[in-house]
Amino acid sequence: MRGAVVARIRRARRPLIVSHRNPDPDSLGSALGLAAILEALGASPVLAVNEPENIDAVMASIPGTARFRALTADLLAAPPDGHPFDALFSVDTASIDLLSADERVRTALRAIRPIINIDHHITNERYGDVNYVVSDAAAAAEVIWMLSSTLGGGISRAGAIALQAGLVADTLGFQTQETGPRTLRAAAALQALGGVTSDIPRRVLNVRSFQASRLLGAALAAAVRSADGRVVWTQVSARMAADVGARMADAQGIPNALQYVADTEAVAVFYQADASRTRVSLRSRGTRIDGVAAAFGGGGHALAAGVTLAEPLDIATEQVLARLDRTLNGR
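Here we summarise the structure given alongside this text. (Residues numbered from 1 in each chain as written. Predicted model: local features only at pLDDT ≥ 70, side-chain atom pairs only at ≥ 80, totals over all residues. Heavy atoms only, no water.)

1. Describing the overall build of the chain
Counting secondary structure elements, the chain contains 13 helices and 12 strands. In terms of overall size, the chain behaves like a compact globule, its C-alpha atoms giving a radius of gyration of 19 Å where 331 residues would be expected to give roughly 20 Å. Taken over the C-alpha atoms alone, the chain extends approximately 60 × 40 × 40 Å along its principal axes. Approximately 13,700 Å² of the chain is accessible, and the part contributed by carbon and sulfur atoms is 51%. Each charge class in the chain was averaged separately, 33 positive and 32 negative side chains, and the resulting centres sit 4 Å apart. (Helix = DSSP H or I, 4+ residues; strand = E, 2+ residues; numbered from the N terminus. Rg over C-alpha atoms; globule rule 2.2 N^0.38 Å. Areas by Shrake-Rupley, 256 points an atom, 1.4 Å probe, with all protein chains shown as cover. Lys, Arg positive; Asp, Glu negative; His and termini not counted. Charge placed at Lys NZ, Arg CZ, Asp CG, Glu CD.)

This is the structure:
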């Protein structure tokens, strides 16, 4: 299937590159890396993401993030310079529904052909005309690097740094179970292209704003441990964010921080999206928890998954914790 994706990359002249809502360094870095590959081949890609204004100052240190446009119905109806999109490249996104909460946008995206779906999530729904899903890759950035290597073309230093930032962030500094020899080869190749592991990748992995740091502290202070000690969870509400002078968009790194609690098997973080929706992040040290997310319509990796429930914060918390308990106890 790699050959089909490579052929589409070579053919595209005015592609639209998109990634999921609530973008993270891997989604942004992968999109920017793919854009660099396409530009080296003479294409003029447009990058878009839902609510680019929520890209915080730390992620904005990735070269090129200012290029992201708002993924709206207007953009899709009237592309820049009047040139219609001749391909849609979706990166790091398991379901097309994760690209936007606006059904009009999702409908317009489905009308663009061909759709090329590039991802590394095992729960990917294969919604593209061409699907390239490498589920054993540690990050979408690793998949984009694989495509670059196959194409054999050049990639800019900025594109290499963007991919490196995504790779370092999604592997937590090369610590995740998915990190393998190919991941490290990708890291070395990107370094040779001008990557700087001590700068931007370090920032996106470890640095957060003052407001985000205060919100992390509040979330950790509110953490609860299950009676058997196997699960640690916390809620992040709009009130909590306001109390520390932060926004919900500042909630970063909380699941990973909770994973450092000794003897914890699984972690759950519940974010209040609004009064009737809750976003959930799940992490595990050994037991697969992607099935927990899938039971509510979500997905992800075996040990790191997520979902958004159409339920208020407390109800969503109760439902997901009950399912997680059954999974951990083999019921």
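2. Thoughts on the packing of aromatic side chains
A complete count under the given rule lists one aromatic pair for this structure. With a centroid separation of 6.2 Å and an interplanar angle of 85°, the aromatic rings of Trp-233 and Phe-270 are classed as edge-to-face. Highlighted residues: Trp-233 in strand β8 (residues 231–236) and Phe-270 in strand β9 (residues 266–274), separated in sequence by 37 residues. Like Phe-270, Trp-233 is buried. A cation over an aromatic ring shows up here: Arg-279 above the ring of Tyr-271, its NZ or CZ 4.3 Å from the ring centre. (Phe/Tyr/Trp six-rings, centres within 6.5 Å; stacked < 30°, edge-to-face > 60°. Buried < 20%, exposed > 50% of the residue type's maximum accessible area, 1.4 Å probe, protein only. Lys NZ or Arg CZ within 6 Å of the ring centre and 35° of its normal.)

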